[in-house]
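Chains, contacts and geometry: an overview
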Amino acid sequence: MELREKTQLMDPESIRRALTRIAHEIVERNKGVENLALIGIRRRGVPLAERLAAKIAEFEGVALPVGLLDITLYRDDLTTLAQQPVVHKTQVPFQVEGKKIILVDDVLFTGRTARAALDAIIDLGRPRFIQLAVLVDRGHRELPIRADFVGKNVPTSRKEVISVYLQEIDGEDKVVLQEIVE
């Protein structure tokens, strides 16, 4: 499968603005930061969760705990990924029991990754509730899952792919729309 870039959807500044808005929306909807924690879905959800926590700390003066969630073993397509899927470490350095959890990911597509993450979190304990924050929502849901906080809604076709690049992983910040070339 080959991908060809169609257009850049977000540059570093628009990503920064979207995350700032999401951080404010999280605090507003939750009436502050009491009992709040963020969990990023491994890979790009983790730096996004860390950035959101940093933004919230800027204007609320409170450092929220941030966890890292690996959902590999919770995926419903595990057998199609690889014979020996690579499992990474989940690091949630706080009790989820009774917490208000903000689950963070880069792109919301079918909802299957979010569903797997919900299962993984529930295995850690029973949070008060879980809200979902994503940088990009591209539609095409296969499960009844929606994001509570969205940086950008981008309607796409099934022959398109949204790729998020983050400084912490890729050396640059941008979101691009690509098309599958057959």
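For the structure itself, consult the block above.
How each quantity is defined
Residues numbered from 1 in each chain as written. Predicted model: local features only at pLDDT ≥ 70, side-chain atom pairs only at ≥ 80, totals over all residues. Heavy atoms only, no water. Pairing = 2+ DSSP bridges. Helix = DSSP H or I, 4+ residues; strand = E, 2+ residues; numbered from the N terminus. Axes fitted to C-alpha atoms, helices over the stretch in contact; angles between N-to-C directions. Salt bridge = Lys/Arg side-chain N within 4 Å of Asp/Glu carboxyl O. Buried < 20%, exposed > 50% of the residue type's maximum accessible area, 1.4 Å probe, protein only. Contact = heavy atoms within 4.5 Å. Polar contact = N/O pair within 3.5 Å; in protein donor to acceptor, adjacent residues only side chain to side chain. Left-handed = near helix turned anticlockwise from the far one by under 90°. Nonpolar A, V, L, I, M, F, W, Y, C, P; charged D, E, K, R; others polar.

Concerning the sheet that holds strand β1 (residues 2–10)
Reading across from one edge, β1-β8-β7 is the order of the 3 strands in this open sheet, with antiparallel pairing throughout. Because the sheet does not close on itself, it has two edges, and the strands there are β1 and β7 (160–165). The mean angle between the axes of side-by-side strands here comes to 30°, regardless of whether they run parallel or antiparallel. Sheet analysis places β7 next to strand β8 (residues 174–181), joined by 6 bridges and oriented antiparallel. Bridge pairing links V161 to Q178 in β8.

A look at the pattern of salt bridges
Applying the stated criterion across every chain yields a total of 16 salt bridges. Residue E13 is joined to R17 by a salt bridge in which the shortest nitrogen-to-oxygen separation is 3.7 Å. Residue E13 and its partner R17 are both found in helix α1 (residues 12–29); the two are separated by 4 residues, about one turn of the helix. As a salt-bridge pair, E142 and R158 come within 3.7 Å of each other at their nearest N and O atoms. One end of the pair, E142, is in the loop between β5 (129–137) and β6 (149–153); the other, R158, is in the loop between β6 and β7, and 16 residues separate them in sequence. Residue E142 is classed as partly exposed on the basis of its relative accessible area, which comes to 38%. Linked through salt bridges whose partners overlap, the residues forming this network are E13, R16 and R17.

Considering the environment of S163
Turning to its location among the elements, S163 is positioned in strand β7. Distance from S163 to K174, taken between C-alpha atoms, is 8.3 Å for residues 11 residues apart in sequence. In this view, S163 contacts K174, V175, V176 and Q178; residues no more than four positions away in its chain are not counted. Among the polar contacts listed, one links the side chain of S163 to the side chain of Q178, at a separation of 2.6 Å.

Details of the packing of α1 against helix α2 (residues 45–60)
Remark: α1 packs on α2, axes separated minimally by 9 Å, with the N-to-C direction vectors making an angle of 65°. Along this stretch, α1 crosses α2, giving a crossing that reads as right-handed. Contacts between α1 and α2 involve I15, R16, L19, T20, I22, A23, H24, I26 and V27 on the former and, on the latter, L48, R51, L52, K55, I56, F59 and E60. Residue composition of the contact of α1 with α2, grouped by class: 10 nonpolar, 2 polar and 4 charged.

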